[in-house]
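Chain and residue survey
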Amino acid sequence: MKTKRLSVLLSLAIAVIGLSACASKTTTSSSATSSSEKTSESVDLNSLDLPQLDPNVKDDEDLVQVNTTEGAIKIKLFPKIAPKAVENFVTHAKEGYYNGVTFHRIIEDFMIQSGDPKGDGTGGESIWGKGFAAEISNQLYHLNGALSMASSSAPNSLGSQFFIVQNHEDKSDGLAIQYYPQKIIDAYKNGGRPELDGKYAVFGQVIEGMDVVDKIAKQEVTTSDTGEQSKPVNPVKITSIDVLQEAK
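The rules behind each value
Within each chain, residues carry numbers counting from 1 in the order of the written sequence. A pLDDT threshold of at least 70 governs which residues receive local features in this predicted model, and a stricter bar of 80 or more applies before side-chain atom pairs are shown or counted, although totals over entire chains, interfaces and linings include all residues. Hydrogens and water are ignored here; the side-chain numbers use all heavy atoms of the structure. Every definition here rests on a 1 Å grid over the protein atoms only: cavities are sets of points where a 1.4 Å probe fits but cannot get out, pockets are open sets enclosed by protein on both sides within 12 Å along at least five of seven lines, and lining residues have some atom within 4 Å of a point. Grid points are joined across faces, edges and corners, and a volume is the space filled by probe spheres set on the points. Ten residues, namely Ala, Val, Leu, Ile, Met, Phe, Trp, Tyr, Cys and Pro, are considered nonpolar, four, namely Asp, Glu, Lys and Arg, are considered charged, and the remaining ones, Gly among them, are considered polar. Here a helix means four or more residues in a row that DSSP labels H or I, a strand means two or more in a row labelled E, and each is numbered from the N terminus. Counted as a polar contact is a pair of N or O atoms within 3.5 Å, where, for protein atoms, one must be capable of donating a hydrogen and the other of accepting one, and residues adjacent in sequence contribute only when both atoms are in side chains. For this analysis, a salt bridge means a side-chain nitrogen from Lys or Arg found within 4 Å of a carboxyl oxygen belonging to Asp or Glu. The buried label goes to any residue with under 20% of its type's maximum accessible area, the exposed label to any with over 50%, and the partly exposed label to all in between, with areas taken from a 1.4 Å probe on protein chains only. Strand pairing is defined by DSSP finding a minimum of two bridges between the two strands. To get an axis, a line is fitted to the C-alpha atoms, and for a helix only the part in contact is used. The angle between two axes follows their N-to-C directions and goes from 0 to 180 degrees. Contact definition: two residues touch when any of their heavy atoms are within 4.5 Å.

Some details on empty space enclosed by the protein
Tallying each qualifying case throughout the model produces one cavity of 30 Å³ or more. Classifying every residue of the lining of the largest cavity by side-chain character gives five nonpolar, three polar and three charged.

Thoughts on the side chain of Asn167
Residue placement: Asn167 occurs in the loop between β6 (162-165) and α3 (182-187). Within polar-contact distance, the side chain of Asn167 engages the backbone nitrogen of Glu169 at 3.0 Å.

Considering the pattern of salt bridges
Within this structure, the stated rule accounts for 10 salt bridges. Among the ionic pairs, Lys76 bridges to Glu61, the shortest N-O distance being 3.4 Å. Remark: Glu61 occurs in the loop between α1 (13-16) and β1 (62-68) and Lys76 occurs in strand β2 (residues 71-77); sequence separation between them is 15 residues. Both residues of the pair, Lys76 and Glu61, belong to the buried class. Across the salt bridge formed by Glu246 and Lys94, the nearest N and O atoms sit 2.7 Å from each other. You can see Glu246 sitting in the segment after β10 (238-245) and its partner Lys94 sitting in helix α2 (residues 83-94), a full 152 residues away along the chain. Classification of Lys94 as exposed rests on a relative accessible area of 52%.

Side note on the sheet that holds β10
The strands making up a sheet associate through backbone hydrogen bonding, with each pair oriented either parallel or antiparallel. Ordered by their spatial adjacency, eight strands build an open sheet running β3-β4-β6-β5-β7-β2-β1-β10, and the pairing between neighbours is antiparallel. Two strands close off the open sheet at either side, each with one partner strand: β3 (105-107) and β10. Neighbour-to-neighbour, the strand axes of the sheet open up by a mean angle of 25°, direction not taken into account. Two elements, β3 and strand β4 (residues 111-114), share three bridges in a ladder whose sense is antiparallel. By the bridge assignment, Ile107 is partnered in β4 with Met111. On top of the sheet, α2 reaches β1, β2, β5 (146-149), β6, β7 (202-208) and β10; it is set at about 120° to β10, its chief contact. Against the sheet, helix α4 (residues 210-217) contacts β1, β2, β3, β4, β6 and β7, and its axis sits at roughly 120° relative to β2.

Dropping the structure here:
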């Protein structure tokens, strides 16, 4: 299978922290309404179930623990909303696919990315041996600690790579109530990356170990092959991923 560099599309915020975009990515808009295309105005957004906001793990959710060389991260997954992404991640985890894989791409105050056995952003595949489509939902958002699938700009390009959003700054300013539930706007006051909403598929949320995510995000980085300041000097590794609960 021909591989493509998987990357998170960076917003104008990357320019603010002095980073250049990878050659294979396109730049997203930082408009507060850029993620609204997926949402019908007829939907009462404030009536939606928003599982990221509940730290408890429900019976219809999965729970995994990502063990890294810097500590453990507990993440709950949402198989009802993103069934393919969750099945792909959990199956890979059970089979040890992610064991020894590094966080190969780190941009502090944006995200940490992993899931590529090659360790350079060009590898990895889904459990089906081919890419699949992003499961975009108006119930899941790129809040601080959100687990989302990485992809290229091509359709059906999700494979094994994923990223965890890492940003504690207030990102609620300018988010319109016709496009976002009020509770999500309030949650963005605690950080996140709303410019990624509608473009990438969130399928989980960190519920413990955000301090570990922050520690990984602070790792020293150097210039990657694409010219981006995001390649860790001493990459943190995933030692294993334990599946602690599967949805009933």
